[in-house]
Amino acid sequence: VIGIVSALPGEGKTTVATGFAAFVAKSGARNLLIDADLRNPSMTRALGYVNAPGLVNMVADKSDFDDLVITDSKYKFDFLPSSTQMKPSNSSDILNSPTVKDMLRAAKSKYDYVLVDLPPILPVVDVKAVAHLFDAFVLVVEWGSTSTDEILKAVGASPILSERLLGAVLNKADEAVMRRFEGYSDRRYTYYTNEIAPAETV
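Notes on the structure follow.

Rules of the game
- Residues numbered from 1 in each chain as written.
- Predicted model: local features only at pLDDT ≥ 70, side-chain atom pairs only at ≥ 80, totals over all residues.
- Heavy atoms only, no water.
- Helix = DSSP H or I, 4+ residues; strand = E, 2+ residues; numbered from the N terminus.
- Buried < 20%, exposed > 50% of the residue type's maximum accessible area, 1.4 Å probe, protein only.
- Contact = heavy atoms within 4.5 Å.
- Areas by Shrake-Rupley, 256 points an atom, 1.4 Å probe, with all protein chains shown as cover.
- Pairing = 2+ DSSP bridges.
- Core = buried A, V, L, I, M, F, W, Y, C linked by side-chain atoms within 4.5 Å.
- Salt bridge = Lys/Arg side-chain N within 4 Å of Asp/Glu carboxyl O.

Looking only at helices and strands, one finds 10 helices and seven strands in the protein chain. When each of the 202 residues of the protein chain is scored for burial, the buried share is 45%. Long-range contacts, defined here as pairs at least 24 residues apart, represent 80% of the contacts in the protein chain between residues at least 6 apart. Here the protein chain displays about 11,100 Å² of accessible surface, and carbon together with sulfur accounts for 54% of that area.

Next up, the structure:
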């Protein structure tokens, strides 16, 4: 069960999570993608399921998980939307509810991967409150925008998140700038791998 997180809103974690889920599904793995950004269910909107009941309904109405999961015809993953019709007053309580815990436990036994799009870390407490439910995290960082201080604060917000962080995705990277970095890196690599002349000939 992998949480896709970011320090701040707008870094592209939802797009990364969707692309990751599509890649995993294409590889043949059984994959469930969950929109758990209850305050801003942009994944549900982007995939075209704005009228579908979802995670909030499962908790509030005791709706059955199997009735809520949608097999996406385009990307071939299973998707649990977030309700765009019901606005939760306390999203962290919903995500930390026994219903969600039981759902994740059941999904873990059914799927190879459960990928969860979570809210950004710094503006709200949701990720910190539910970090213990996840086996791992991937942090999405917007290239050239999110500061080092913000990244460190986000990672340090929860010891569990810090311990279980698999790595980071640099999103929206400037390819021209990246090429300059790569060129510099190549020169440094060449410098250190050049054969050094014997001392007596120097």
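Consider a sheet: its strands pair through backbone hydrogen bonds, and that pairing is either parallel or antiparallel. Across the sheet, seven strands lie side by side as β3-β4-β2-β5-β1-β6-β7; this open sheet has mixed pairing. Bordering the open sheet on either side are β3 (70–71) and β7 (165–171), each of which pairs with just one other strand.

Counting 37 residues, the largest nonpolar core has Leu-32, Ile-34, Leu-55, Met-103, Val-114 and Leu-118 as the members making the most contacts within it. Apart from the residues lying within four places of it in its own chain, the contact partners of Met-103 are Ile-34, Leu-55, Met-58, Phe-65 and Leu-80. The next biggest cluster of nonpolar side chains, apart from the first, holds 18 residues, and it includes Val-16, Leu-47, Tyr-49 and Leu-115.

Another point: the pattern of salt bridges. For the structure on display, the rule yields nine salt bridges. The closest approach of N and O atoms between Lys-13 and Asp-37, which form a salt bridge, is 3.2 Å. Here the residue Lys-13 occupies a position in helix α1 (residues 13–26), and Asp-37 occupies one in the loop between β2 (31–35) and α2 (42–46), the gap between them amounting to 24 residues. In this structure, Asp-112 engages Arg-30 in a salt bridge whose closest nitrogen and oxygen atoms are separated by 3.1 Å. Of this pair, Asp-112 sits in the loop between α6 (98–110) and β5 (113–117) while Arg-30 sits in the loop between α1 and β2, placing them 82 residues apart in sequence. For Asp-112, a relative accessible area of 40% gives the class partly exposed. Within this structure, Lys-13, Asp-37 and Asp-117 form a network of salt bridges that share partners.

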